[in-house]
Amino acid sequence: MSSTATLATTAPTHHHHHHRRHPPSIDRLTFLIDKSKSINHLLQTHALLLRHGLHHHPILNFKLQRSYASFGRLDHSVALFHRTDNPTVYFWTSIIHSHAQLGLQNLALMYFTEMLTNGVEPNCFTFSAVMKTCPLEPGKALHSQTIKLGFDSDLYVRTGLVDVYARAGDVVSARQLFDTMPEKSLVSLTAMITSYVKRGAIEAARKLFDGMQERDVVCWNVMIDGYAQHGMPNEALFLFRKMLAAKFKPNELTVLSLLSACGQLGALESGRWLHSYIENNRILVNAHVGTALIDMYSKCGSLEDARLVFDRIEEKDVVVWNSMVVGYAMHGFSQDALQLFVEMRRIGYRPTDITFIGVLSACAYAGLVNKGRAFFSSMKDEYGIEPKIEHYGCMVNLLSRAGQLEEAYEFVKKIKIDPDPVLWGTLLGACRLHGNIALGEEIAEFLLGQNLANSGTYILLSNIYATVGNWDGVARVRALMKSSGIQKEPGCSSIEVDNKVHEFLAGDRRNPRSKEIYMMIEEMNRWLKTHGYAPQVDTVLHDLGDKEKEQSLEVHSEKLALAFGLISTQAGTTIKIVKNLRVCSDCHAVTKLLSKITGRKIVMRDRNRFHHFVNGSCSCGDYW
DNA sequence: CTAGGGTTAG
């Protein structure tokens with residue numbers, strides 16, 4: 001007994017030495033390679049092979065190469081391949097697969113071509129490997145080759161082809177290949193669903209999904225993520241509940257999609273629930289999950305939680321840092337954002353274009369014009385990052401917030417990229433804030449002439465006129481909108497109570513507690529009146545009398561959500577509201593006052609930023 | 001030896 005024990009605990013090198021004259025069997029070596037737990041294990045087995053002169057054995061060599069690749073050591077894998085004379089089709093396929101897996105598509109294709117040049121016949125496995133992440137053009141060439149060789153009906157090859165066309169956005173060809181498949185599988189169905197989801201054809205995707213005979217976690221993830229990525233976050237959460245009810249076990253990718261959905265909804269309670277789900281189910285909070293959590297907490301208005309997650313992520317990458325910097329910035333906590341930026345550089349992270357989105361918006365919110373300008377030039381000069389339209393957007397914000405509207409305009413005109421509607425919208429918004437009619441009209445006219453105007457353009461222009469009391473202008477815009485059939489995008493505010501997200505449109509009466517909500521609105525109006533508040537009827541676009549205008553303001557979606565928050569949460573609780581558009585100025589003023597009257601902290605997320613209303617004032621400093 | 005799923009943004 002004791003001698004057996006000694007043998008088992010002997011170091012591997014000794015063990016091998018002991019067997020020098022009796023080389024380990026091929027089976028034993030195969031086992032060692034396949035069961036390697038670490039790269040070191042593998043290196044030891046490799047040494048063993050060399051010692052016994054077995055390194056030319058085709059199967060062992062092939063398995064060794066595959067194992068190196070799976071540990072992310074493509075360098076070893078490639079070296080081994082190049083040392084092999086006349087590699088078999090298996091070996092070629094494996095080296096192609098290893099490159100494709102890591103997204104090295106050009107190299108994968110290069111090996112494929114080389115293989116053909118060497119007179120080695122590809123098989124179904126080879127085609128399946130090389131098609132992975134292959135672009136459309138070479139994909140089409142592969143397609144005809146498979147037809148010539150009679151492989152195109154093979155389940156795996158065909159699924160690969162569906163995926164090639166799907167990834168290239170050619171959903172028609174993908175569907176045709178899919179429909180004519182001799183046999184379909186869960187995977188091919190998922191590939192087709194993915195194709196629809198990528199184009200935003202969620203209905204079509206859902207139809208296929210609903211018709212599936214069997215499902216697995218991947219297809220659930222694709223469908224849930226489809227909703228999350230296409231502005232239907234509530235549906236994503238809804239489908240997730242179905243997934244749990246159907247007893248499927250969510251994984252890391254599931255929670256990533258759902259955290260994004262919670263962030264979009266501002267659904268803090270659901271987000272917290274997911275966070276505990278992650279912890280209870282041993283899903284590792286790696287950089288990906290960590291980023292998603294930080295983003296969710298920031299967008300749900302809880303920066304404290306975002307920071308806690310940030311501090312606890314062991315292996316932070318630049319994306320993790322970015323999400324925290326951006327989180328601080330969008331809440332207007334500029335100093336924290338900039339401090340974190342300094343810290344990340346000190347540790348040695350290289351900022352990316354996203355980092356500068358955070359840094360520049362932080363400067364804009366804090367009015368740090370010169371600092372922002374300096375960051376903007378350092379982007380290119382110091383870090384070699386070409387500014388994108390988004391960065392110009394930040395600069396326009398920065399300059400116009402500081403009142404340097406003309407300079408912002410000049411800035412936009414000098415941009416080499418074509419300015420887009422969002423950028424012009426930012427500038428137009430600045431004109432509203434500074435009551436600069438002349439520039440506002442110039443921009444709006446330009447946009448109308450270029451056919452770049454959207455409903456936001458009209459609304460902003462009208463708001464500019466309203467700011468300076470130019471009612472003729474307001475009326476003109478209204479007429480223009482009417483004649484060109486432009487509809488205002490409906491404002492929608494949501495609030496999460498008891499794990500459920502409640503959405504409100506203006507004048508909405510769909511909520512079961514509607515009656516109480518409108519009673520609360522009346523109560524709010526009485527409070528406001530006592531405090532001498534006069535509704536900003538002038539900002540109302542519609543052709544209505546003052547009384548009606550007042551009434552239309554009273555039922556803005558923000559106010560309905562706020563009233564619902566007041567009647568359905570404990571006194572003293574922070575109320576968190578998410579709005580799809582910018583906050584209207586009447587609602588902003590009302591919310592400020594109500595934060596004082598009710599003693600509640602109110603956090604409102606609008607399309608661009610957060611407003612923290614506390615005791616009668618807002619963190620945006622009335623500039624948004 | 002094979003096929004399908006992902007994080008930060010004006």
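Residues numbered from 1 in each chain as written. Chains lettered and ligands numbered in written order. Predicted model: local features only at pLDDT ≥ 70, side-chain atom pairs only at ≥ 80, totals over all residues. Heavy atoms only, no water.

**What to know about the UniProt feature "repeat: PPR" (unreviewed entry) in chain A**
Link 1 in the chain: According to UniProt, the feature "repeat: PPR" (unreviewed entry) maps to residues 88–122, 185–215, 216–250 and 317–351 in the numbering used here.
Link 2 in the chain: With 74% helix and 0% strand, residues 88–122 has its two end C-alpha atoms placed 10 Å apart.
Link 3 in the chain: Overall, residues 216–250 shows 74% helix and 0% strand. The separation of its end C-alpha atoms is 10 Å. (UniProt positions renumbered as here; feature names shortened; annotations may be inferred. Helix = DSSP H or I, 4+ residues; strand = E, 2+ residues; numbered from the N terminus.)

**Points about the pattern of salt bridges**
Link 1 in the chain: Summed over all chains, the structure comprises 26 salt bridges.
Link 2 in the chain: In this structure, D210 and R206 form a salt bridge, with 3.0 Å as the shortest nitrogen-oxygen distance. Of this pair, D210 and R206 both sit in helix α14 (residues 202–210), separated by 4 residues, roughly a single helical turn.
Link 3 in the chain: A relative accessible area of 46% places D210 in the partly exposed class. (Salt bridge = Lys/Arg side-chain N within 4 Å of Asp/Glu carboxyl O. Buried < 20%, exposed > 50% of the residue type's maximum accessible area, 1.4 Å probe, protein only.)

**Digging into unusual backbone geometry**
Link 1 in the chain: Here D498, not a glycine, exhibits a phi torsion of approximately 50°, which is positive.
Link 2 in the chain: Among the secondary structure elements, D498 is positioned in the loop between β1 (492–497) and β2 (500–505).
Link 3 in the chain: Owing to a relative accessible area of 64%, D498 belongs among the exposed residues under this scheme.

**A word on the sheet that holds strand β4 (residues 602–605)**
Link 1 in the chain: As summarised here, the arrangement of the 6 strands in space is β2-β1-β3-β4-β5-β6, forming an open sheet in which the pairing is mixed. Either end of the sheet is taken by a strand with one partner, and the two such strands are β2 and β6 (617–618).
Link 2 in the chain: The pairing of strand β5 (residues 610–614) with β6 spans 2 bridges and is antiparallel. Within β6, the position partnered with V614 by the bridge is S617. (Pairing = 2+ DSSP bridges.)

**Re helix α25 (residues 389–401)**
Link 1 in the chain: Across its 13 residues, α25 extends 18 Å between first and last C-alpha, which sits within 8% of the 18 Å expected from 1.5 Å per residue.
Link 2 in the chain: Along α25, 10 of the 13 residues are buried, which leaves the element largely enclosed by surrounding structure.
Link 3 in the chain: Looking at α25, one finds that the buried residues are I389, H391, Y392, G393, C394, M395, V396, L398, L399 and S400.
Link 4 in the chain: On the buried face of α25, the contacting elements are α23 (353–366), α24 (369–381), α26 (405–414) and α27 (421–434).
Link 5 in the chain: One or two steps after α25, the chain reaches G403, where phi turns positive at roughly 85°. (Expected span 1.5 Å × (residues − 1). Contact = heavy atoms within 4.5 Å.)

**Let's talk about empty space enclosed by the protein**
Link 1 in the chain: Per the stated rule, a full pass over the model turns up 1 cavity of 30 Å³ or more.
Link 2 in the chain: Counted as a void, the largest cavity has a volume near 50 Å³.
Link 3 in the chain: Residue lining of the largest cavity: G266, K299, C300, G301, K576, I577, V578, V603, M604, R605 and F610, and that is the complete set.
Link 4 in the chain: For the lining of the largest cavity, the secondary structure elements donating two or more residues are β3 (575–579) and β4. (1 Å grid on protein atoms, 1.4 Å probe; cavity = no way out; pocket = protein on both sides within 12 Å on 5 of 7 lines; lining within 4 Å. Points joined across faces, edges and corners; volume = space filled by probe spheres on them.)

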